[in-house]
Amino acid sequence: MKPQALGGMSVDVFLAEYWQKKPLLIRDALKNVQAPLDADSLAGLACEEDIESRLIIQRGEQWQLQHGPFEEAAFSGLPESHWTLLVQAVDHWVPEAAAFLEQFNFIPRWRIDDLMMSYASDGGGVGPHYDNYDVFLAQVSGQRKWEIGGKHNDSSKLVEGLPLKILASFEAEQSWVLNPGDILYLPPGVSHNGVAQGGDCISCSVGFRAPSHAEMLREFSEYLAQRLSESDRYSDTDLVLQDNAGEITPIALAKIQQIFSHYLTDEQAIADWFGRYVTESKYEHAGASGDEISIAALGEHLAAGGRLARNEGSRFAYIGEGSGAAMFVDGERIDISMANQQLVELVCRETTIGGGDFDAGDDNTALLLGLVQRGALYLVRE
Ligand code: SIN
Ligand code: CO
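Here is what the cut-offs are and how they apply
Residues numbered from 1 in each chain as written. Chains lettered and ligands numbered in written order. Predicted model: local features only at pLDDT ≥ 70, side-chain atom pairs only at ≥ 80, totals over all residues. Heavy atoms only, no water. Helix = DSSP H or I, 4+ residues; strand = E, 2+ residues; numbered from the N terminus. Buried < 20%, exposed > 50% of the residue type's maximum accessible area, 1.4 Å probe, protein only. Contact = heavy atoms within 4.5 Å. Lys, Arg positive; Asp, Glu negative; His and termini not counted. Charge placed at Lys NZ, Arg CZ, Asp CG, Glu CD. Near = heavy atom within 4 Å. Polar contact = N/O pair within 3.5 Å; in protein donor to acceptor, adjacent residues only side chain to side chain. Donors = N, O, S within 2.8 Å, 3.2 Å for Na, K, Ca; no water. Patch = residues over 30% accessible without salt bridge, like charges linked within 9 Å, V, L, I, M, F, W, Y side chains within 5 Å. Areas by Shrake-Rupley, 256 points an atom, 1.4 Å probe, with all protein chains shown as cover. Salt bridge = Lys/Arg side-chain N within 4 Å of Asp/Glu carboxyl O. Core = buried A, V, L, I, M, F, W, Y, C linked by side-chain atoms within 4.5 Å. Axes fitted to C-alpha atoms, helices over the stretch in contact; angles between N-to-C directions. Parallel < 35°, antiparallel > 145°, perpendicular 65-115°, else oblique.

**Q** I tried to follow the overall build of the protein chain on my own but got confused; where do I start?
**A** When its secondary structure is counted, the protein chain shows 10 helices and 15 strands. In terms of overall dimensions, the protein chain has a C-alpha envelope of 75 × 70 × 45 Å along the principal axes. The buried share of the protein chain, taken over its 382 residues, is 45%. In the protein chain, the share of contacts with a sequence separation of at least 24, taken over all contacts with a separation of at least 6, comes to 78%. Side-chain charges in the protein chain split into 28 positive and 57 negative, and the spacing between the mean points of these groups amounts to 5 Å.

Written as C-alpha cells, this is what we have:
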C-alpha cells in the first residue's frame with residue numbers, strides 16, 4: 001500500500017525505517033492540496049465556546065499566549081507579522097478536516113489523536129520545541145520554513161518565564177521550506193521550529209496518541225477500583241507467628257505482588273478498559289445528542305440508498321478476536337454478536353456506510369439504530 005500522504009513510499013518501508021525512528025520530508029505528497037478550512041473559517045472556529053484555540057504573538061524575545069474562545073475583535077487588532085492562531089481538533093467539527101485525517105489511516109485509528117490547524121502571518125510560529133508524540137506537519141497554504149534539531153525530553157532546559165514551552169538551546173541541523181502539498185514527519189522528541197514565510201501560511205498537524213505509562217496505570221487502576229468490592233481485601237488465613245512483629249515479611253510482600261499480578265494479567269479487563277479509554281472523546285461534540293429515529297425509518301433510509309456517517313467527533317474501535325469481541329464508541333463498550341462482526345469492522349474503518357455494504361439483518365439494523373440514537377452515527381440526507 002502506497003498512500004498519497006507518503007508520496008509514493010510504501011507503508012511497509014515507512015513503518016520499518018521512519019515511524020517513531022527518524023524524520024522524513026515528503027515533497028509534493030498531497031497533490032493539488034486544498035486547506036480543509038480557510039483562514040476566516042478557522043478564526044470563526046476559534047470564537048466558538050467548545051473549541052480549543054490559542055493565539056501566539058511574538059515580540060522579539062517576548063512571547064504572548066492567549067487562549068480562546070476569542071471575540072472577533074481580537075483578530076482585527078493583531079500586528080502585521082509574527083503571530084499565529086492554532087485551533088485544536090478541527091476534524092471534530094469540519095467534515096473536510098475529518099476527511100483530511102483519513103489520509104493517515106495507514107496508522108491504526110486509535111493512535112491518531114486529532115487534526116490541529118494553524119494560520120500564521122509572516123514570521124509567525126510557536127518557537128523551537130519538541131512534542132511527545134509523532135506528528136505529520138502538512139503544509140496546505142503558503143510557505144513555512146521548518147528547522148529540525150536533536151532529540152529532547154523533559155530534562156531538556158526550557159526558556160524560563162515564558163507562557164510557552166520553548167527550548168533554551170535549539171540548534172538547527174536541517175531545514176526546509178515547505179510548500180503546499182509537502183509533509184514533514186517527525187518522531188517523538190525531535191526538536192523543531194516552524195516559521196511562516198510570507199503571509200497566509202496554513203499548516204495541518206496530524207498528532208498521535210501516546211498515553212504515558214503513568215496515565216495508563218492511573219486510569220486502569222481507577223477502572224479496576226470502580227469494579228472491586230470493599231470485601232476484596234488483603235487476607236492471610238495462613239499467618240504464622242513472626243520472630244519480630246515489626247517486620248514486613250517476604251511472605252506478606254509476595255501476597256501483595258500476587259494481588260497485583262492477578263489484575264495486571266487479566267486480559268479481558270485490560271482489553272475492556274483499553275477499548276473504552278482509547279475511544280474516549282476529548283471534547284463534548286456536536287450532534288452527540290442523537291436522532292430519535294425509529295427502526296422502520298432507519299431501514300427505509302438505507303433501503304432508499306441513504307448513507308450513515310460517523311459523527312466527526314466520535315471515536316470508534318473494535319476488538320475482534322477471542323471471547324472479548326466488542327465494539328467501543330466514545331468511551332463505552334457495545335457488546336456485539338457474531339452476526340454483527342462484518343458490520344462492526346466496516347463501521348470502525350469507514351467514515352460513511354450505505355445499506356448495500358453489509359447484511360441488512362435485524363441484529364445489524366438494531367446495532368446501527370443504537371449508534372444513531374446515541375449520536376455516534378448520523379443520517380446523511382442529500
Ligand atoms: C504550528 O502549526 O505552528 C505548530 C505545529 C507544531 O510544531 O507541532
Ligand atoms: Co510541534
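**Q** Explain the site of ligand 1 to me, please; I cannot follow it from the model alone.
**A** Neighbouring ligand 1 are Leu86, Met116, Ser118, His129, Asp131, Leu137, Arg144, Trp146, His192 and Ser205. Within the contact set of ligand 1, an oxygen atom lies 3.1 Å away from a side-chain nitrogen or oxygen of His129. Arg144 is positioned with one of its side-chain polar atoms (N or O) 3.4 Å from an oxygen atom of ligand 1. For the shell around ligand 1, the secondary structure elements donating two or more residues are strand 5 (112-120), strand 6 (135-151) and strand 9 (190-208). Among the elements that make up the shell around ligand 1, the one with the highest residue count is strand 6 (3 residues).

**Q** Sorry if this is basic, but what is going on with the coordination of the cobalt ion (ligand 2) here?
**A** Tetrahedral coordination by four donors sets the ideal angle at the metal to 109.5 degrees; octahedral coordination by six donors sets it to 90 or 180 degrees. Distances from the cobalt ion (ligand 2) to its protein donors, His129 (NE2), Asp131 (OD) and His192 (NE2), fall within 2.1 Å. The sequence pattern formed by the donor residues of the cobalt ion (ligand 2) is H-x1-D-x60-H. A residue pair is termed long-range when its members are at least 10 positions apart, and His129 in the loop between strand 5 and strand 6 and His192 in strand 9 qualify at 63 residues.

**Q** Looking at this structure, I do not really get a nonpolar patch on the surface. What am I missing?
**A** On the surface, Leu217, Tyr234, Ile248, Leu253, Ile256, Ile259, Phe260 and Leu264 cluster together into a nonpolar patch covering about 780 Å² of accessible area. In terms of residue count, helix 6 (residues 250-264) provides more of the nonpolar patch than any other element does, 5 residues in total. Along the chain, Leu264 falls in helix 6.

**Q** Would you explain the nonpolar core in this entry?
**A** A general trend in soluble globular proteins is that nonpolar side chains are found buried together. Membership of the largest hydrophobic core comes to 47 residues, with the highest contact counts inside it found for Phe14, Phe100 and Phe136. Excluding residues that lie within four positions of it along the chain, Phe136 makes contacts with Leu6, Phe14, Trp19, Phe104, Phe106, Ile183, Leu184, Tyr185, Cys204, Ser205, Val206 and Phe208. Ranked by size, the runner-up nonpolar core spans 24 residues in total, among them Leu308, Leu346, Val347 and Leu369.

**Q** Just to check I follow, could you spell out the packing of helix 8 (residues 295-303) against helix 10 (residues 362-373) for this structure?
**A** In a packed pair of helices, the relevant descriptors are the angle between the two axes and the axis-to-axis distance. For the pair helix 8 and helix 10, interaxial distance at closest approach is 10 Å and the crossing angle is 105°. Looking at the two axes, helix 8 sits roughly perpendicular to helix 10. For the pair helix 8 and helix 10, contact is made by Ile295, Leu298 and Leu302 and by Thr365, Ala366, Leu368, Leu369 and Val372, respectively.

Such coordinate-based values are descriptive only and should not be taken to indicate function.
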